[in-house]
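A structural walkthrough
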Amino acid sequence: MDSSLTTASAAAAGGGNGAIIPQSNDTSPMDSSAAAATQTDDSKQNLTLVINSIQKTLGILHQLYLTVSSYNVASQLPLLQRMNNLVLELDNMTKLAENCNIQVPMEVLNLIDDGKNPDEFTRDVLNSCIAKNQITKGKTDTFKSLRRHLLEDLEQTFPDEVEAYREIRAASAAETKRFAQAQSTLPNGDAKVKTEM
């Protein structure tokens with residue numbers, strides 16, 4: 001492959017051969033949601049730049065493999081150019097990676113080292129969460145059933161006390177509901193509406 005074509009295509013793709021896209025640190029006052037959206041966009045952009053750099057590095061490594069596998073004296077200059085491109089791109093990748101804050105669990109890295117698919121880790125975590133959720137749901141259902149049976153037995157033995165208990169519970173629930181509604185009411189009487197993001 002012609003190295004001039006490689007350089008031209010890398011320049012067209014952007015961020016190649018050690019070129020770093022400068023980012024301005026000048027910020028104007030913005031509200032917190034706009035700042036959070038900007039940070040999310042910046043982190044996505046940084047991640048995209050790192051992914052592009054990784055793909056470019058893989059392309060350079062493939063070119064190096066092809067050059068080395070068919071090496072002759074005439075291919076020494078392209079080999080040196082590709083080696084320099086690899087060093088520059090690895091340096092660029094390191095600089096871009098400093099702007100990314102990605103945390104990978106050690107279990108995932110161990111799976112990759114063992115030659116396994118890292119999706120297995122995700123599957124195992126989800127299955128574990130589902131199992132724990134089912135156990136917790138079983139416990140809560142058991143407690144609800146116990147409460148219901150106790151109230152039935154108590155109602156047969158102490159009907160007046162159970163009726164008083166139910167009235168107290170109803171009054172307490174109504175008070176809690178009124179308090180929650182008061183918390184969500186604005187001074188002008190309008191209700192607060194939660195915006196979902």
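Here the residue numbering is sequential within each chain, running from 1 through the sequence in written order. In view of the model being predicted, local features appear only for residues whose pLDDT reaches at least 70, and side-chain atom pairs are presented and counted only at 80 or more, with totals across whole chains, interfaces and linings using the full set of residues. Just so you know, side-chain values use all the structure's heavy atoms and leave hydrogens and water out.

**Regarding the overall build of the protein**
The test is simple: By the criteria applied, helices consist of DSSP H or I runs no shorter than four residues and strands consist of E runs no shorter than two, each listed in order from the N terminus. Only protein chains enter the calculation, and the probe is 1.4 Å; a residue is then buried if its accessible area is under 20% of its type maximum, exposed if over 50%, and partly exposed in between. We call two residues contacting when some pair of their heavy atoms lies within 4.5 Å.
A tally of helices and strands in the protein yields 6 helices and 0 strands. Listing every helix and strand of the protein by position from the N terminus yields α-α-α-α-α-α. The proportion of buried residues among the 197 residues of the protein is 14%. The long-range share in the protein, meaning contacts at least 24 apart out of those at least 6 apart in sequence, stands at 54%.

**So, a negative patch on the surface**
For the record, the criterion: Distance thresholds for patches are 9 Å for like charges and 5 Å for nonpolar side chains (Val, Leu, Ile, Met, Phe, Trp, Tyr), applied to residues having over 30% relative accessible area and no salt bridge. What sets the accessible areas is the Shrake-Rupley method with a 1.4 Å probe; for residues, cover comes only from the shown protein chains. A pairing counts as a salt bridge when a side-chain nitrogen of Lys or Arg comes within 4 Å of a carboxyl oxygen of Asp or Glu. Charge assignment in this entry is limited to Lys and Arg as positive and Asp and Glu as negative, and neither His nor the chain termini are counted. The location of each charge is read from NZ of Lys, CZ of Arg, CG of Asp or CD of Glu.
On the surface, Asp160, Glu161, Glu163 and Glu167 cluster together to form a negatively charged patch. Relative to the elements of secondary structure, Glu163 occurs in helix H6 (residues 159-183). Assessed through its relative accessible area of 43%, Glu163 is described here as partly exposed.

**What to know about the pattern of salt bridges**
The final tally for this structure, using the stated rule, is 6 salt bridges. The partner of Lys95 in a salt bridge is Asp91, and the shortest N-O contact between them spans 3.3 Å. On the criterion of helical spacing, the pair formed by Lys95 and Asp91 is a turn pair, its members being 4 residues apart in helix H3 (residues 76-97). Residue Lys95 is classed as partly exposed on the basis of its relative accessible area, which comes to 38%. The closest approach of N and O atoms between Arg178 and Glu175, which form a salt bridge, is 2.7 Å. Of this pair, Arg178 and Glu175 both sit in helix H6, separated by 3 residues, roughly a single helical turn.

**Some thoughts on the environment of Leu58**
Relative to the elements of secondary structure, Leu58 occurs in helix H2 (residues 32-69). Leu58 gets classed as exposed once you look at its relative accessible area, which sits at 53%.

**With respect to a nonpolar patch on the surface**
Side chains of Leu47, Ile51, Ile102, Val104, Met106, Leu109 and Ile112 sit close together on the surface and give an oily, nonpolar patch of about 600 Å² of accessible area. For the nonpolar patch, the element with the highest residue contribution is helix H4 (residues 106-113), accounting for 3 residues. Secondary-structure assignment places Leu109 in helix H4. Given the relative accessible area of 35%, Leu109 is considered partly exposed.

**Observations regarding the side chain of Ser53**
Inspection of the secondary structure puts Ser53 in helix H2. Once you skip the residues sitting within four places of it in the chain, Ser53 turns out to touch Glu89, Asn92, Met93 and Leu96.

**What about the confidence of the model for the protein?**
Selection rule: For every residue, the predictor states its confidence as a pLDDT score lying anywhere from 0 to 100.
Overall, the prediction assigns the protein a mean pLDDT of 79, with 74% of residues at 70 or greater. Per-element confidence in the protein ranges from a low mean pLDDT of 40 for helix H1 (residues 3-13) to a high of 93 for helix H5 (residues 119-157). Here residues 1-30 is modelled with pLDDT under 50, and outside its nearest four sequence neighbours on either side it reaches 29 contacts, counting other chains as well.

**Some words on H3**
Note the following rule: One less than the residue count of a helix, multiplied by 1.5 Å, gives the span that helix is expected to have. Summarising the geometry, the arc corresponds to the directions from the helix axis toward the C-beta atoms.
A rise of 1.5 Å per residue sets the reference length of H3, with its 22 residues, at 32 Å; its end C-alpha atoms lie 31 Å apart and thus fit the reference within 8%. Leu79, Arg82, Asn85, Leu86, Glu89, Asn92, Met93 and Leu96 are the residues of H3 that are buried. For H3, the buried positions fall inside an angular range of 145 degrees around the axis, keeping them on one side. Along H3, exposed side chains directed more than 90 degrees from the buried face belong to Leu77 and Val87.

**Quick notes on the packing of H5 against H6**
Using the following cut-off: Axis definition: a line fitted to C-alpha atoms, over the contacting stretch in the case of helices. Angles run 0 to 180 degrees between N-to-C directions. Put simply, angles under 35 degrees are roughly parallel, angles over 145 are roughly antiparallel, angles from 65 to 115 are roughly perpendicular, and the rest are oblique. Note on residue categories: nonpolar means Ala, Val, Leu, Ile, Met, Phe, Trp, Tyr, Cys or Pro, charged means Asp, Glu, Lys or Arg, and polar means any other residue, Gly included.
Taken N-terminus to C-terminus, the directions of H5 and H6 make an angle of 130 degrees; their axes are 6 Å apart at the nearest point. With respect to H6, the axis of H5 lies oblique. Judged by residue contacts, Arg147, Leu151, Leu154, Glu155, Gln156 and Thr157 of H5 engage Pro159, Val162, Tyr165, Arg166 and Arg169 from H6. The residue makeup of the contact of H5 with H6, split by class, is 5 nonpolar, 2 polar and 4 charged.

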